[in-house]
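Listed below are the residues making up each chain.
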Amino acid sequence: MASMLNFYGRVVLVTGAGGGLGRTYALAFAERGASVVVNDLGGDMKGVGKGSLAADKVVEEIRRKGGKAVANYDVVVNNAGILRDRSFSRISDEDWDMIQRVHLRGSFMVTRAAWDHMKKQNFGRIIMTSSAAGIYGNFGQANYSAAKLGLLGLSNSLAVEGKKNNIHCNTVAPVAGSRMTQGFLPEDLIEALKPEYVAPLVLWLCHESCEENGSVFEVGAGWIGKLRWERTLGALVRQKNQPMTPEAVKANWTKICDFDNATKPQRIQDSVSTVIEALSKIDSSDGGISANNLSHATSAAPSGLVEAVGYKFPPFSSSYTEVDTIMYALGVGASIKEPKDLKFIYEGNSDFSCLPTFGVILAQKSLGGGGLAEIPGLSVNFTKVLHGEHYLELYKPLPNAGDLKCEAVVADVLDKRSGLVILIDVYSYSGKELICYNQFSVFVMGSGGFGGKRTSDKDKVAVAIPSRPPDAILTDTTSLNQAALYRLSGDWNPLHIDPDFASLAGFDRPILHGLCTFGFSARHVLQQYADRDVLRFKAIKVRFAKPVYPGQTLQTEMWKEGNRIHFQTKVQETGDTVISNAYVDLVPTSDTLAKIPSEGGDLQSNLVFEEIGRRLQDIGQEMVKKVNAVFEWHITKGEKIAAKWTIDLKNGAGKVYQGPAKGSADATFILSDEVFMEVVLGKLDPQKAFFSGRLKARGNIMLSQKLQMILKDYAKI
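Residues numbered from 1 in each chain as written. Predicted model: local features only at pLDDT ≥ 70, side-chain atom pairs only at ≥ 80, totals over all residues. Heavy atoms only, no water.

Visitor: What is the right way to read the state of the cysteines from this model?
Guide: In a disulfide, the sulfur atoms of two cysteines are held together by a covalent bond. Under the criterion given, the structure shown has 0 disulfides. Just so you know, C210 is unpaired, no disulfide at all, and the nearest cysteine sulfur is the one on C206, 8.6 Å from it. A disulfide-free cysteine, C354 has its sulfur positioned 9.5 Å from the sulfur of C436, the nearest such atom. (Disulfide = S-S within 2.5 Å.)

Shown next, in the form of structure tokens:
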């Protein structure tokens, strides 16, 4: 059973509390521990007269029940109200002014008095009382309707301003029996519309655990409904360098008023961005614009898609060092708390590796610097762009440092009705060799409905998770600095660091990068099902569902089906799914060498050196420049040296051959065939082998760190 909401230690001011709704609110708050300020002038429903009797009665009732209350008879605010109903032609100046003073100015004055106190304590909950008359209008209530809708506007602005100080403001439009409805509604209906059926909503909206903000609710008789605005897609009726005419408005009136595929704006930015987008479309036209749908983010007609699909972005380079791969690993949660994570964050580790998901960092430049705005046939409003899905596939493990060339192309554009999806493929090459491939699914809100196709055979589709409990669950608590750390890998969007910018985007505080959560999740899968072996990683596909705030705990739920690991990621504190319909594909075995049998007295290490030689054929000169050293290996069988191998990366183009070095070796390693294979297969740490005496070395043993470059990054052993 849910715990009871209480208000111990809270001071609640209720205006118009001498009867009806206000009295019910005051009693309900007091019963749950609040200290209540009871405010009521005691006049009639027209605002005539004055007296303390109504407020005194409520105060005494609260005290009889053991609550705390004081009487305040000076101002009328938030819940207090009067009626002076007249048809519009009969409303006097006094009728108008009195209604505005009591309802709108009264709420303003009292809320302003409390505002600075709420900001200092970083907490506040405010309720404005509107009505159906304010929302919909009503005959004979022009003055009342104007004031009540004004309260909604006041509430919406306070919700925006107060958000960063944990001050929430909401509006209720109650239908309830009170002094204001006596004589207007039948007694049996008044009984069914008791204030007791409204108060629970107000108490919940005022509780510290309620995160609702800037909303309006209709409530009565035990029913509650939330309201929101809806807007048509509209039509563009002006051409460049041409006058706008009422005839053009008439010709497009049906389209202007068509609520099919309507959007639901929530912020003033939604309104401003629509007009800016319209201006952009007009300014970029040559006078040929007709009355097409007014997209809120992207203009996309089928004819324009011909230009967009297949568009190639300018090629770009992604250079990085070991410091960059370490910074990325820390950004996605690798930690010294996990000893096995050292391979991702310590360049001196014998198995130092680049996390596979670093591949997204290489590709994301295609979306930065306004690249989307250059796509022909599409006019992109960046305030409406979301990273909807992502696919990454590695063809070879990423080098720990490198300089990759990237090519990006618009693979397709899809019409999802509520929005438009741009599929962008990015290919990353080392020389002529394809290393990795990314597909960004960029969702542009409010821009669909242009008649385009909904699916594409080029789309790397997400896959639903199995319908059974997860096979494994791993969790990680993100740091409050997680977004600040991750952005150092190259995503500088102020949404993830600047509270004011995040507030403009509609968030309480800066959010974590979606690709940071993506990195956490992939790391969990590698940890659970591949012992952190980057050679096992093949591909990953995710769908971004909801934002994550730094400091929240990520929970990755996993299902193993063959070499595909399905997963979804949740925020543990809220239960919200933030990554859905996701999977990681793993390479079937950790290494094909694991299947090599030892037949007779043959050395397994011979096969390894032969394979290294084959794989280094095309990059020998490059390796000579990077390593500039000669390594000699003495492989033992029993207690005797059974073979000698040399890896020469100093002379000529570089080569691997059986036998001692031709000249002096810079470093020599002596170990058994069995120990060599354990090291190559990752079953034995070379440092542990050295300190235990199972591996012996002489010469410049510091050069051994460069062997990582040979065995892991280039030879791919």
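Now that the structure is up, let's keep going.
Visitor: Please clarify how the sheet that holds strand β7 (residues 223-227) should be interpreted in this entry.
Guide: Strand order in the open sheet formed by 4 strands is β4-β5-β6-β7, and the pairing between neighbours is mixed. Edge strands, defined here as strands with exactly one partner in the open sheet, are β4 (124-129) and β7. The mean angle between the axes of side-by-side strands here comes to 30°, regardless of whether they run parallel or antiparallel. Pairing analysis gives 6 bridges linking β4 to strand β5 (residues 167-174), with the strands arranged parallel. Within the sheet, the bridge partner assigned to T129 lies in β5 and is V172. Against the sheet, helix α3 (residues 93-121) touches β4 and β5, its axis set at about 170° to β4. (Pairing = 2+ DSSP bridges. Helix = DSSP H or I, 4+ residues; strand = E, 2+ residues; numbered from the N terminus. Axes fitted to C-alpha atoms, helices over the stretch in contact; angles between N-to-C directions. Contact = heavy atoms within 4.5 Å.)

Visitor: Explain the sheet that holds strand β22 (residues 655-658) to me, please; I cannot follow it from the model alone.
Guide: Within a sheet, each strand pairs with its neighbour through backbone hydrogen bonds, oriented either parallel or antiparallel. Spatially, the 5 strands line up as an open sheet ordered β22-β21-β20-β23-β24, and their pairing is mixed. With partners counted over all chains shown, the strands left at the sheet margins are β22 and β24 (695-699), one partner each. Strand-to-strand, the axes of this sheet are offset by a mean angle of 15°, without reference to chain direction. Relative to β24, strand β23 (residues 667-672) runs antiparallel, the two being bridged by 5 bridges. Of the residues in β24, the one forming a bridge with F669 is A697. Sheet strands touched by helix α18 (residues 604-615): β20 (629-637), β21 (640-649) and β22. Its angle to β21, the strand with the most contacts, is close to 10°. Contacting β20 and β23, helix α20 (residues 673-680) runs over the sheet at an angle of about 105° to β23.

Visitor: Would you take a moment to explain a nonpolar patch on the surface for this structure?
Guide: Taken together, the side chains of F690, F691, I701 and M702 make up a nonpolar region of the molecular surface, amounting to roughly 440 Å² of accessible area. Mapping M702 onto the fold places it in the loop between β24 and α22 (707-714). Residue classification places M702 among the exposed residues on the basis of a relative accessible area of 56%. (Patch = residues over 30% accessible without salt bridge, like charges linked within 9 Å, V, L, I, M, F, W, Y side chains within 5 Å. Areas by Shrake-Rupley, 256 points an atom, 1.4 Å probe, with all protein chains shown as cover. Salt bridge = Lys/Arg side-chain N within 4 Å of Asp/Glu carboxyl O. Buried < 20%, exposed > 50% of the residue type's maximum accessible area, 1.4 Å probe, protein only.)

Visitor: Even after reading the chapter, I still don't get unusual backbone geometry, so can you show me in this structure?
Guide: With the exception of glycine, most residues fall at negative phi, and the peptide bonds are largely trans. Of note in the backbone geometry, D531 takes a positive phi value of approximately 50° without being a glycine. Here D531 lies in the loop between α17 (514-529) and β16 (537-544). With a relative accessible area of 49%, D531 lands in the partly exposed category. Even without glycine at this site, N581 takes up a positive phi of about 50°. With respect to the helices and strands, the residue N581 is situated in strand β19 (residues 577-586).

Visitor: Mind showing me how you'd approach the environment of V656 here?
Guide: Looking at the secondary structure, you find V656 in strand β22. What V656 contacts, discounting residues up to four positions off in sequence, is F609, I612, G613, L616, W645, T646 and I647.

Visitor: What am I meant to see in helix α5 (residues 142-162) here?
Guide: The periodicity of an α-helix, 3.6 residues per turn, causes residues three or four places apart in sequence to face the same way. Taking 1.5 Å of rise per residue, 21 residues should cover 30 Å, and α5 covers 30 Å from first to last C-alpha, within 8% of that figure. Buried within α5 are the following residues: N143, Y144, S145, A147, K148, L151, L152, S155, L158, A159 and G162. Against α3, β4, α4 (132-136), β5 and β6 (216-220) lie the buried residues of α5. (Expected span 1.5 Å × (residues − 1).)

Visitor: Even after reading the chapter, I still don't get the packing of aromatic side chains, so can you show me in this structure?
Guide: Aromatic rings in a pair are described by how distant their centres are and how their planes are angled relative to each other. Inspection of the entire model under this criterion finds 13 aromatic pairs. Between F631 and F669, the aromatic rings sit 6.4 Å apart at their centres with planes inclined by 25°, giving stacked as the arrangement. Taken together, the residues F631 in strand β20 and F669 in strand β23 connect sequence positions 38 residues apart. No difference in accessibility class separates F631 from F669, as the two residues are buried. Where W633 meets F669, the ring centres are 5.0 Å apart and the plane angle is 35°; that geometry is what we call tilted. (Phe/Tyr/Trp six-rings, centres within 6.5 Å; stacked < 30°, edge-to-face > 60°.)

Visitor: So what exactly am I meant to see when it comes to the packing of α18 against α20 here?
Guide: A pair of packed helices is captured by two measures, namely the crossing angle of their axes and the spacing between those axes. Following both chains from N to C, one finds α18 and α20 inclined at 45°, their axes separated by 8 Å at the closest point. Looking at the two axes, α18 sits oblique to α20. Between α18 and α20, the contacting residues are Q604, S605, V608 and F609 on the first element and D673, F676, M677 and V680 on the second. Looking at the contact of α18 with α20, its residues break down into 5 nonpolar, 2 polar and 1 charged. (Parallel < 35°, antiparallel > 145°, perpendicular 65-115°, else oblique. Nonpolar A, V, L, I, M, F, W, Y, C, P; charged D, E, K, R; others polar.)

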